[in-house]
Amino acid sequence: MEYYLGFALGALVVAIIGVLFLFVMKKYTKTDNSLKSRYDERQQLVRGTGFKYGFFSLMFYNVAAAFLISVEKRQYIEHAALMLAGILFGVFIYGAYCIWNESYFSLNENPKRVVIVFVLIALLNFGVGYRGFCQGVLIEDGMLTVNCLNIFVGVLVLMLFFVMVVKHICKEKEEK
């Protein structure tokens with residue numbers, strides 16, 4: 001009973017810290033001290049299409065995951081981790097599409113500050129993932145656990161950062 005109470009309390013503290021972090025991040029990345037992001041009509045349309053691609057990517061991922069779960073005799077990743085990795089996959093598709101179509105950053109957002117926040121998020125997740133690696137909780141009984149998700153989030157952020165860099169390089173070449 002004490003374990004579950006401690007776990008619930010820990011989850012509550014993490015949720016509160018997460019909400020505070022999001023609030024500070026929103027304020028830090030905006031150019032007009034607003035919490036609300038403003039997008040023009042083109043950006044809203046592109047974001048809607050990005051949501052659609054992210055959703056269908058997640059749907060196909062879940063079909064593939066369900067197929068692999070039903071076919072495989074040996075489990076290599078916990079089902080919860082597999083499903084949450086699918087969410088990260090859908091988020092990557094959405095983010096990459098919006099970045100590539102210049103609809104990721106809102107009109108009142110400072111892109112450099114957003115990138116700084118991305119770097120901080122990646123470093124934080126890699127740090128937590130490394131701690132899990134040192135404690136030996138990433139892989140148990142030859143199976144990836146949900147503790148590997150911090151590393152997955154770090155990789156996701158790095159991949160989105162890579163898309164931003166490639167888009168920036170392509171945009172500079174087009175302008176020349």
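The structure presented is a predicted model; accordingly, all values stated were derived computationally and were not measured. (Residues numbered from 1 in each chain as written. Predicted model: local features only at pLDDT ≥ 70, side-chain atom pairs only at ≥ 80, totals over all residues. Heavy atoms only, no water.)

**Student:** Mind showing me how you'd approach the overall build of the protein here?
**Tutor:** Check the secondary structure of the protein and you find five helices and two strands. What you see in the protein, going N to C, is helices and strands ordered as α-α-α-α-β-β-α. Seen through its principal axes, the protein has C-alpha atoms that stretch 55 × 40 × 25 Å. Split into buried and exposed, the 176 residues of the protein put 27% on the buried side. For the protein, long-range pairs separated by at least 24 residues make up 79% of all intrachain contacts whose partners lie at least 6 apart in sequence. Split by element, the accessible area of the protein, about 12,100 Å² in all, is 71% carbon and sulfur. Within the protein, one finds 17 positive and 13 negative side-chain charges whose respective centroids are separated by 6 Å. (Helix = DSSP H or I, 4+ residues; strand = E, 2+ residues; numbered from the N terminus. Buried < 20%, exposed > 50% of the residue type's maximum accessible area, 1.4 Å probe, protein only. Contact = heavy atoms within 4.5 Å. Areas by Shrake-Rupley, 256 points an atom, 1.4 Å probe, with all protein chains shown as cover. Lys, Arg positive; Asp, Glu negative; His and termini not counted. Charge placed at Lys NZ, Arg CZ, Asp CG, Glu CD.)

**Student:** I would appreciate a short explanation of helix α4 (residues 111-135) in the present structure.
**Tutor:** For α4, spanning 25 residues, the distance from its first C-alpha to its last is 36 Å, which sits close to the expected 36 Å at 1.5 Å a residue. Those residues of α4 lying buried are Val114, Val117, Phe118, Ala122, Asn125, Gly129 and Gly132. For α4, the N-terminal cap is asparagine 110; the gap from its side-chain oxygen to the backbone nitrogen of lysine 112 is 3.1 Å. The first or second residue beyond α4 is glycine 136, which carries a positive phi of 75°. (Expected span 1.5 Å × (residues − 1). Polar contact = N/O pair within 3.5 Å; in protein donor to acceptor, adjacent residues only side chain to side chain.)

**Student:** Teacher, can you tell me more about the pattern of salt bridges here?
**Tutor:** On inspection of all chains with the given rule, the structure shows four salt bridges. With a shortest N-O distance of 3.5 Å, aspartate 32 and arginine 38 are connected by a salt bridge. Aspartate 32 sits in the partly exposed class, given a relative accessible area of 34%. Owing to a relative accessible area of 45%, arginine 38 belongs among the partly exposed residues under this scheme. (Salt bridge = Lys/Arg side-chain N within 4 Å of Asp/Glu carboxyl O.)

**Student:** Even after reading the chapter, I still don't get the packing of aromatic side chains, so can you show me in this structure?
**Tutor:** Here the distance between the centres and the angle between the planes together describe a pair of aromatic rings. Counted by the stated rule, this structure contains seven aromatic pairs. Taking the centre distance of 5.5 Å and the plane angle of 90° together, the rings of tyrosine 104 and phenylalanine 105 count as edge-to-face. Three or more aromatic residues joined by ring pairs form one cluster here, namely Tyr104, Phe105 and Phe118. Directly above the ring of tryptophan 100 sits lysine 167, whose terminal nitrogen or CZ lies 5.2 Å from the centroid. (Phe/Tyr/Trp six-rings, centres within 6.5 Å; stacked < 30°, edge-to-face > 60°. Lys NZ or Arg CZ within 6 Å of the ring centre and 35° of its normal.)

**Student:** I tried to follow the environment of alanine 15 on my own but got confused; where do I start?
**Tutor:** Structurally, alanine 15 can be placed in helix α1 (residues 2-29). For alanine 15 and isoleucine 99, which are 84 residues apart along the polypeptide, the C-alpha to C-alpha distance reads 28 Å.

**Student:** Can you help me understand unusual backbone geometry in this one?
**Tutor:** Glycine aside, a negative phi is what most residues show, and trans is what most peptide bonds show. Phi is positive for glutamate 102, which is not a glycine, with a value near 55°. Structurally, glutamate 102 can be placed in the loop between α3 (79-100) and α4. One non-glycine residue, aspartate 141, lies in the positive phi region at around 55°. Counting through the fold element by element, aspartate 141 comes out in the loop between β1 (139-140) and β2 (143-144).

**Student:** How should I be thinking about the environment of cysteine 148 in this particular structure?
**Tutor:** Mapping cysteine 148 onto the fold places it in the loop between β2 and α5 (149-175). Sequence spacing of cysteine 148 and phenylalanine 92 is 56 residues, and the spatial spacing of their C-alpha atoms is 17 Å.

**Student:** Looking at this model, I keep getting lost on the packing of α4 against α5. Mind explaining?
**Tutor:** How two helices pack is summed up by the angle between their axes together with the distance between the axes. Here α4 crosses α5 at 150°, and the two axes come no closer than 7 Å. Considered as vectors, α4 and α5 are oriented roughly antiparallel to each other. Taken as a pair, α4 and α5 cross one another with a handedness that is left-handed. Touching Val115, Phe118, Ile121, Ala122, Asn125, Phe126, Val128 and Gly129 of α4 are Asn150, Ile151, Val153, Gly154, Val155, Val157, Leu158, Leu160, Phe161 and Met164, all from α5. A breakdown of the residues in the contact of α4 with α5 according to their chemical character gives 14 nonpolar, four polar and no charged. (Axes fitted to C-alpha atoms, helices over the stretch in contact; angles between N-to-C directions. Parallel < 35°, antiparallel > 145°, perpendicular 65-115°, else oblique. Left-handed = near helix turned anticlockwise from the far one by under 90°. Nonpolar A, V, L, I, M, F, W, Y, C, P; charged D, E, K, R; others polar.)

**Student:** What exactly am I supposed to notice about the nonpolar core here?
**Tutor:** If you look at soluble globular proteins, the nonpolar side chains tend to sit buried side by side. Ranked by internal contacts, the top residues of the largest apolar core, which has 13 residues, are Phe92, Ile99, Phe118, Leu156, Leu160 and Val163. Of all the secondary structure elements, the ones that give two or more residues to this core are α3, α4 and α5. When residues of this core are assigned to their parent elements, the largest contribution, six residues, is made by α5. Not counting residues up to four positions away in its chain, the partners in contact with phenylalanine 92 are Leu156, Met159, Leu160 and Val163. (Core = buried A, V, L, I, M, F, W, Y, C linked by side-chain atoms within 4.5 Å.)

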